[in-house]
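Structure assessment
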Amino acid sequence: MMYPIEIKNLYYRHKGKDINLLKDINFKVNTKEILAIVGLSGCGKSTLCYCLSGVIPHVYKGSFNGEVLINGKKTTNMKLSNISTRVGIVFQNPDMQLFMPTVEDEIAFGPENLCLSKERISKRIDYALEKVGMKKHRYSNPNNLSGGEKQLIALASVLSLKPRVIIFDETMAQIDDKGKKRIKSVIKGLKEEGKSVIMVEHDLENLDIADRVLHLHDGKLKKFSGKL
Ligand SMILES: Nc1ncnc2c1ncn2[C@@H]1O[C@H](COP(=O)(O)OP(=O)(O)OP(=O)(O)O)[C@@H](O)[C@H]1O
Ligand SMILES: [Mg+2]
């Protein structure tokens, strides 16, 4: 069986470090599944996200061993631009992801780089804004939105590439309860649509929407016992 994303015997060591941060990581995610990964600060969660989204080994050049398979294809054999239409990532700080003057421009940026027609780009913007419930903000400046709304736009800019796998790297860490509720409901909607979601968290309160929880500890990924 082919999974949207599957990780086999993954090891990673950052450049200049002498021990592996990730040691023999193995897991796969199904369609229509929300997998949560928890772990203490500095345990390697973001590094793992970079491995899943192709940033490692394409941008960061530490020591990478093992396989990350996207629909059965190794990320080492794919271009980063190709990976990003299959695996999207939303970061903790939306300001890292938002840089255009309007929401519309922000969301159009990815599809424009794919050289899609104007009509198709417009459809992608409609789809992405609808999905995150931010249609009325199409012409707003992202800087004027709340933290939670910024995250929804960062997510929309990822969704406009129509990835089947979406990674949330502590996306809810800096937003208020109302914003969290909205993001969680959007994540559940993505699951219903058939996407695979990987959410990295260190706030256990956000795990209520997860189908499965794994714990990254000492470089290894294990079933979560309920305690960090
Ligand atoms: N580019 C890099 N080069 C060298 N070391 C790095 C690099 N990026 C991260 N590290 C180190 O790897 C370890 C894990 O970092 P990482 O950001 O993956 O952890 P994290 O679990 O996401 O932490 P947090 O919960 O604070 O976001 C840290 O010790 C960090 O200093
Ligand atoms: Mg992190």
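Everything that follows concerns the structure shown earlier in this document.
Reference entry: report on the structure contained in this document. (Residues numbered from 1 in each chain as written. Chains lettered and ligands numbered in written order. Predicted model: local features only at pLDDT ≥ 70, side-chain atom pairs only at ≥ 80, totals over all residues.)

A look at the overall build of the chain
Counting its secondary structure elements, the chain contains seven helices and 10 strands. Relative to the globule expectation of 17 Å for 228 residues, the C-alpha radius of gyration of the chain, 17 Å, shows essentially globular dimensions. Each principal axis of the C-alpha distribution contributes one length, and for the chain these read about 50 × 40 × 35 Å. Looking at the chain as a whole, 39% of its 228 residues qualify as buried. Taking as baseline every contact in the chain between residues at least 6 positions apart, the subset at least 24 positions apart corresponds to 71%. (Helix = DSSP H or I, 4+ residues; strand = E, 2+ residues; numbered from the N terminus. Rg over C-alpha atoms; globule rule 2.2 N^0.38 Å. Buried ≥ 20, exposed ≤ 12 C-beta atoms within 10 Å, placed from the backbone. Contact = placed C-beta atoms within 7 Å.)

A word on the sheet that holds strand β8 (residues 196–201)
One open sheet accounts for six strands, arranged β6-β7-β8-β3-β9-β10; its pairing is mixed. A strand with exactly one partner marks an edge of an open sheet, and here the two such strands are β6 (87–90) and β10 (220–223). When strand polarity is set aside, the average angle formed by the axes of neighbouring strands in this sheet is 25°. The pairing of strand β3 (residues 33–38) with strand β9 (residues 212–217) spans four bridges and is parallel. Across the sheet, Leu35 pairs through a bridge with Arg212, a residue of β9. In the packing of helix α7 (residues 177–192) onto the sheet, the strands contacted are β3, β7 (165–169) and β8, and the crossing angle to β8 comes to about 150°. (Pairing = 2+ DSSP bridges. Axes fitted to C-alpha atoms, helices over the stretch in contact; angles between N-to-C directions.)

Some details on the nonpolar core
Grouped together as the largest cluster of nonpolar side chains are 58 residues, with contacts concentrated most on Leu52, Ala156, Ile167, Ile198 and Met199. Per-element accounting of this core gives the leading share, seven residues, to helix α6 (residues 147–159). Excluding residues within four positions of it along the chain, Ile167 makes contact with Cys49, Leu52, Ser53, Val87, Gly88, Ile89 and Ile198. (Core = buried A, V, L, I, M, F, W, Y, C linked by C-beta atoms within 7 Å.)

What about the sheet that holds strand β1 (residues 5–13)?
Taken in spatial order, the four strands make up an open sheet running β2-β1-β4-β5, and their pairing is antiparallel. Only two strands of the sheet have a single neighbouring strand rather than two, namely β2 (22–29) and β5 (73–74). Alignment of strand β4 (residues 63–70) against β5, held across two bridges, turns out to be antiparallel. Counterpart to Leu69 in the pairing with β5 is Lys74. Sheet strands in contact with helix α1 (residues 45–52) are β1, β2 and β4, and its direction is about 125° off that of β1.

Describing α7
Taking 1.5 Å of rise per residue, 16 residues should cover 22 Å, and α7 covers 23 Å from first to last C-alpha, within 8% of that figure. Following α7 by one or two positions, Gly194 adopts a phi angle in the positive range, close to 105°. (Expected span 1.5 Å × (residues − 1).)

With respect to unusual backbone geometry
The omega angle of the peptide bond from Ile56 to Pro57 is 10°, so this bond is cis rather than trans. Structurally, the position occupied by Pro57 is in helix α2 (residues 55–58). Notably, Asp24 is not glycine yet its phi reads approximately 55°, a positive angle. Counting through the fold element by element, Asp24 comes out in strand β2. We classify Asp24 as partly exposed; it has 14 C-beta atoms within 10 Å. A positive phi angle, close to 60°, is found at Lys32, a residue other than glycine. With respect to the helices and strands, the residue Lys32 is situated in the loop between β2 and β3.

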